[in-house]
Amino acid sequence: MGAYVNIIREDVYFKFGYMPTRILGKGMTGEVMLAQSWDGSSRLVVKTFTKCREDSGEKNQRLFYHEVAILQNLNHKFIFGNVTAFDCPNDYVLVMPYYSQGRLKYHLPYLTDQLIDKYLLQLTSAVQYLHSRRLVHRDIKPDNVLISDEGNAVLCDFGIASVVTSTYMFDLYRPGTPRYMAPELLDTRILYINLYKCDTYALGVVLWKMMIRGKSVIDNLECPTRHWKIIDCLMTRDYDSRWSANEIMTYLASLPEMLQVFYEISTDKLDVVETLC
């Protein structure tokens, strides 16, 4: 992937005419801040990578350029985009759109089977796109899925995404969220990993979380057969037989009940025809 990185060396708030309003979260690199225009008509998210800490300044610089290089070279309707990067005196900064509907994890209790179908299809489409560009996300989970104002699932947070150089990679660096990590990532005896299949395993865990509506206690779970089928094919320990994103999409496209979902999420009918073919 030829990465183009565009960095603006101006004060971020002056550039956009915004002021910080509240902290949305804090992480290892810095803060995530909600910013609002002076007239209150629009909002943005500002993510900082601090330069000032002696123990992490250089690391934050690497993480910043890594994330910018990936995000500025992605163009997919279900992948977080439209990111502007700034090199400010005290911080590296990413300016991003604000999604007022929040993250998928907050929507789990209210999901219908139809919404699960829609979100699964959109996330599979996003993962399929990443994999076609030899990229893996490595941390797919409800906390890294935003819901847009149009009600679409959008994959975000590419801080630990990686470029794949071969199907099975020698991989000792295994970041991610343990509950969403494929079993082979947790087995130190397995040195060569198919990172594509690790992404689809995580996608299976996200589907499971949607099926149980985020509950910790499950009683008499009733779900469509298609959801159980995908769970069986994604959450298997046998990574060789685990479905790829292409195989998930092929299966979904074969289901008559999914045809309407394909039409609803497509910008035009040609998208659907290409997928079904």
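See the structure shown above.
What you see is a predicted model, and the numbers here were worked out from it, not measured in a lab.

A. Inspection of empty space enclosed by the protein at higher detail. In the structure shown here, the tally under the stated rule is one cavity of 30 Å³ or more. Residue lining of the largest cavity: 14 residues in total, with R138, D139, Y180, L185 and C198 positioned closest to the centre. Partitioned by chemical class, the residues of the lining of the largest cavity number nine nonpolar, two polar and three charged.

B. Summary view of a nonpolar patch on the surface. Side chains of Y168, F170, L172, L191 and Y192 sit close together on the surface and give an oily, nonpolar patch of about 520 Å² of accessible area. Tracing the sequence through the fold places F170 in strand β11 (residues 169-170).

C. Representation of the nonpolar core within the structure. If you look at the biggest cluster of nonpolar residues, it comprises 74 residues, and the most contacted ones within it are L104, L155, F158, M210 and L252. No other element matches the 11 residues that helix α4 (residues 195-211) contributes to this core. Listed in part, the 10 residues of the second largest apolar core include V12, Y18, A35 and L44.

D. Focus on helix α3 (residues 113-132). When the terminal C-alpha atoms of α3 are compared, their 28 Å separation across 20 residues agrees well with the 28 Å that a helix rising 1.5 Å per residue should span. For α3, a buried count of 15 out of 20 residues is recorded, marking the element as mostly surrounded by other parts of the structure. Positive backbone phi, at 60 degrees, marks R134, one or two positions downstream of α3.

E. Seen up close, the pairing of strand β2 (residues 18-26). Relative to strand β3 (residues 31-37), β2 runs antiparallel, the two being bridged by seven bridges. Opposite Y18, over in β3, you have S37 as the bridge partner.

F. Just the packing of aromatic side chains, in detail. The tally for this structure, following the rule as stated, stands at eight aromatic pairs. Where F49 meets F64, the ring centres are 5.5 Å apart and the plane angle is 65 degrees; that geometry is what we call edge-to-face. With F49 in strand β4 (residues 43-50) and F64 in helix α2 (residues 57-71), this residue pair connects regions lying 15 residues apart in the sequence. Residue F64 is classed as buried on the basis of its relative accessible area of 0%. With a centroid separation of 5.3 Å and 85 degrees between ring planes, the pair formed by F64 and Y65 is classed as edge-to-face. What makes Y65 partly exposed here is its relative accessible area of 28%. The structure contains a cluster of three or more aromatic residues connected by ring pairs, namely F49, F64, Y65 and Y92. Stacked on the ring of Y92, the Lys or Arg K51 has its end atom at 4.6 Å from the ring centre.

G. Broad picture of the layout of surface pockets. By volume, the largest pocket is sized at about 1200 Å³. As for the largest pocket, its lining consists of 42 residues, and the residues nearest its centre are V32, K47, R103, N144 and D157. The set of elements that each furnish at least two residues to the lining of the largest pocket consists of β2, β3, β4, α2 and β6 (91-97). With five residues, α2 is the single largest residue contributor to the lining of the largest pocket. Of the residues that constitute the lining of the largest pocket, the class distribution is 20 nonpolar, 10 polar and 12 charged.

H. A look at α4. Between the first and last C-alpha of α4 there are 25 Å, a value that for 17 residues agrees with the 24 Å anticipated at 1.5 Å per step. Of all 17 residues that make up α4, 15 are buried, and the element is covered over most of its length. One or two positions beyond α4, positive phi appears at R213, with a value near 55 degrees.

I. Molecular detail of unusual backbone geometry. The phi angle at R138 is positive, at roughly 80 degrees, despite the residue not being glycine. Along the chain, the position of R138 falls in the loop between β7 (135-136) and β8 (145-147). Despite not being glycine, D157 has its phi angle at roughly 60 degrees, a positive value. Looking at where D157 falls in the secondary structure, it is placed in the loop between β9 (153-155) and β10 (162-163).

What counts and how
- Residues numbered from 1 in each chain as written.
- Predicted model: local features only at pLDDT ≥ 70, side-chain atom pairs only at ≥ 80, totals over all residues.
- Heavy atoms only, no water.
- 1 Å grid on protein atoms, 1.4 Å probe; cavity = no way out; pocket = protein on both sides within 12 Å on 5 of 7 lines; lining within 4 Å.
- Points joined across faces, edges and corners; volume = space filled by probe spheres on them.
- Nonpolar A, V, L, I, M, F, W, Y, C, P; charged D, E, K, R; others polar.
- Patch = residues over 30% accessible without salt bridge, like charges linked within 9 Å, V, L, I, M, F, W, Y side chains within 5 Å.
- Areas by Shrake-Rupley, 256 points an atom, 1.4 Å probe, with all protein chains shown as cover.
- Salt bridge = Lys/Arg side-chain N within 4 Å of Asp/Glu carboxyl O.
- Helix = DSSP H or I, 4+ residues; strand = E, 2+ residues; numbered from the N terminus.
- Core = buried A, V, L, I, M, F, W, Y, C linked by side-chain atoms within 4.5 Å.
- Buried < 20%, exposed > 50% of the residue type's maximum accessible area, 1.4 Å probe, protein only.
- Expected span 1.5 Å × (residues − 1).
- Pairing = 2+ DSSP bridges.
- Phe/Tyr/Trp six-rings, centres within 6.5 Å; stacked < 30°, edge-to-face > 60°.
- Lys NZ or Arg CZ within 6 Å of the ring centre and 35° of its normal.

Read these as layout, nothing more, since geometry by itself doesn't imply function.
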